[in-house]
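# Architecture at a glance
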Amino acid sequence: MVAYFDCFSGIAGDMTVAALLDAGLDWDALRAALAQLPLDGYELRRSTVSRSAISATHFDVVIDAETAHQHGRHLADIEAMIVASGLPQPVQDHAKAIFRRLGDAEAHVHGAPIETIHFHEVGAVDSIIDIVGTCVGLHLLGITRILASPLPVGHGMVRTAHGLMPIPAPATAELCKGIPTYPVDVEGELVTPTGAAILATLADGFGPPPPLAATAVGYGAGTKDFGERPNLLRVTLADDAPAAGWISEQLTLLETNIDDMNPQIYEDIMDRCFAAGALDVTLTPIQMKKNRPAVTLAILCEPGKKDALLDTLFRRTTSLGIRVSQVERLSLPREIIDVQTEFGAVKVKVAHLPGGGRKAHAEYESAKAVANESGANLLEVMRAAEEGARS
């Protein structure tokens, strides 16, 4: 199951749990799972609300007075609490990963070791419930892949345990590195550290919604009022195998035109880009101003690899500017299989076509090794492997 998070008004932990409830998460199952945490002094509530005439679910953790004044927790305290819960291992792993991501961000902001960081807001009972509840919900709904829209960022100041902070809060800004964001004219915190940490840790990609055959749509309501903008998070659930039969991915494309660099450098640049996480690197000859011959260097990568690749290009090429765009890549499901031929075993990439059928392509290096060892013609080895895969 895949979930697409449409964050048109941002994201927070309580909104995420609420949206999953609205999309079909069983309320009693969620409460029973969260009751396994060694926490007390709170009550869980849900309600149906309306935002801009859209019916949505609101999730609230009501804390008693004594619990509300508890001091913040260290990362080790929270991790021990999660382990002691006995929740399913995927839930524990995801929850601990989110808190560690938060800890890394806080440590960077405060210039202190992660072990010494005190979680104030996100170490409170309600934030622990929100994060663990999100992980429980994803597990119970069978969601194995998360995609999300770019995140809107408001402006102004927000009050925290450390005093007034600019929006986005420093920890949120740190967590949003590598995530596409855009400014909106809203005074207030649209993306909370908890919401940013959930997506920074669990999301597989960011961009416009891919082709999905939706099975459920849920709306989670936030508490704040942003005027005409409905404070909602929309989550769309769908089977992971697209109805069209192909895989949709949201990727980042980096492009730059270069007309003043020694062409011998390109080999080194390509190697370093692949080492930095590029999925594909291409060189296209072009003509630029004054009829100069030039090259368009294009790199396809996952959004989280963008910064490392930008650094590589700026440092190791003569480029002074790089175009960045978000693209959707559609690809066929594929697998690598070993095919026995009269010449030897050859690895073949097999792609599955929509509606049935397969395409097979022998892996060059594997076929070349078999051809060299057997003394056969490389073309014959590749043809035999591909015919064997198709049959």
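Higher on the page you've got the structure.
The text that follows walks through the structure, step by step, so that each part is easy to find. Please read all numbers here as calculations on a predicted model, not as lab measurements. (Residues numbered from 1 in each chain as written. Predicted model: local features only at pLDDT ≥ 70, side-chain atom pairs only at ≥ 80, totals over all residues. Heavy atoms only, no water.)

## Some details on the nonpolar core
Under the convention used in this document: To qualify as a nonpolar core, a set must consist of buried Ala, Val, Leu, Ile, Met, Phe, Trp, Tyr and Cys residues joined through side-chain atoms within 4.5 Å. Think of it in three bands: with a 1.4 Å probe and only protein chains considered, a residue is buried below 20% of the maximum accessible area for its type, exposed above 50%, and partly exposed in between. Every helix listed is a DSSP run of H or I at least four residues long, and every strand listed is a run of E at least two residues long, numbered separately from the N terminus. Two residues form a contact once any of their heavy atoms are found within 4.5 Å.
Ranked by size, the top nonpolar core spans 64 residues in total, and within it Phe5, Leu30, Leu37, Phe59, Ile129, Val132 and Leu199 carry the most contacts. Counting residues per element, this core draws most heavily on helix H6 (residues 125–140), which supplies eight residues. The contact partners of Phe5, leaving out residues within four places of it in the chain, are Ile11, Thr16, Ile146, Leu147, Ala148, Ser149, Leu199, Leu233, Arg234 and Val235. Grouped together as the second largest cluster of nonpolar side chains are 17 residues, Cys273, Ile299, Leu309 and Ile322 included.

## A few points about the sheet that holds strand S17 (residues 323–331)
Threshold: Here the rule is simple: two strands pair whenever DSSP picks up at least two bridges between them. Between the N-to-C directions of two axes lies an angle of 0 to 180 degrees, each axis being a line fitted to C-alpha atoms and, for a helix, fitted only over the stretch in contact.
Across the sheet, which stays open at both edges, the four strands sit in the order S15-S16-S14-S17 with antiparallel pairing between neighbours. Of all strands in the sheet, those with a lone pairing partner are strand S15 (280–287) and S17, marking the two edges. Taking each pair of neighbouring strands and ignoring which way they run, the sheet shows an average axis angle of 30°. Pairing of strand S14 (residues 247–258) with S17, which is carried by nine bridges, proceeds in the antiparallel orientation.

## Some points on the side chain of Gln250
What counts is decided by this rule: The term polar contact refers here to a pair of N or O atoms within 3.5 Å; inside protein, the definition further demands a hydrogen-donor-capable atom paired with an acceptor-capable atom, and it admits residues adjacent in sequence only when both atoms are side-chain atoms.
Structurally, the position occupied by Gln250 is in strand S14. At 3.4 Å, the side chain of Gln250 forms a polar contact with the backbone oxygen of Pro208. Not counting residues within four places of it along the chain, the set of residues in contact with Gln250 comprises Phe206, Gly207, Pro208, Pro210, Pro303, Val327 and Glu328.

## Focus on the sheet that holds strand S19 (residues 344–352)
Spatial ordering of the open sheet is given by S18-S19-S20, a layout of three strands whose pairing is antiparallel. Taken across any chain shown, the strands that pair with only one partner, and hence form the sheet edges, are strand S18 (334–341) and strand S20 (358–362). Strand-to-strand twist in this sheet, taken as the mean axis angle between neighbours without regard to direction, amounts to 35°. As defined by bridge partners, S19 adjoins S20 across five bridges and the pair is classed as antiparallel. Residue pairing across strands places Val350 opposite Ala360, the latter belonging to S20. The strands touched by helix H11 (residues 364–374) are S19 and S20; relative to S19, the strand with the most contacts, the crossing angle is about 160°. Lying over the sheet, helix H12 (residues 378–390) contacts S18, S19 and S20, oriented at roughly 150° with respect to S20.

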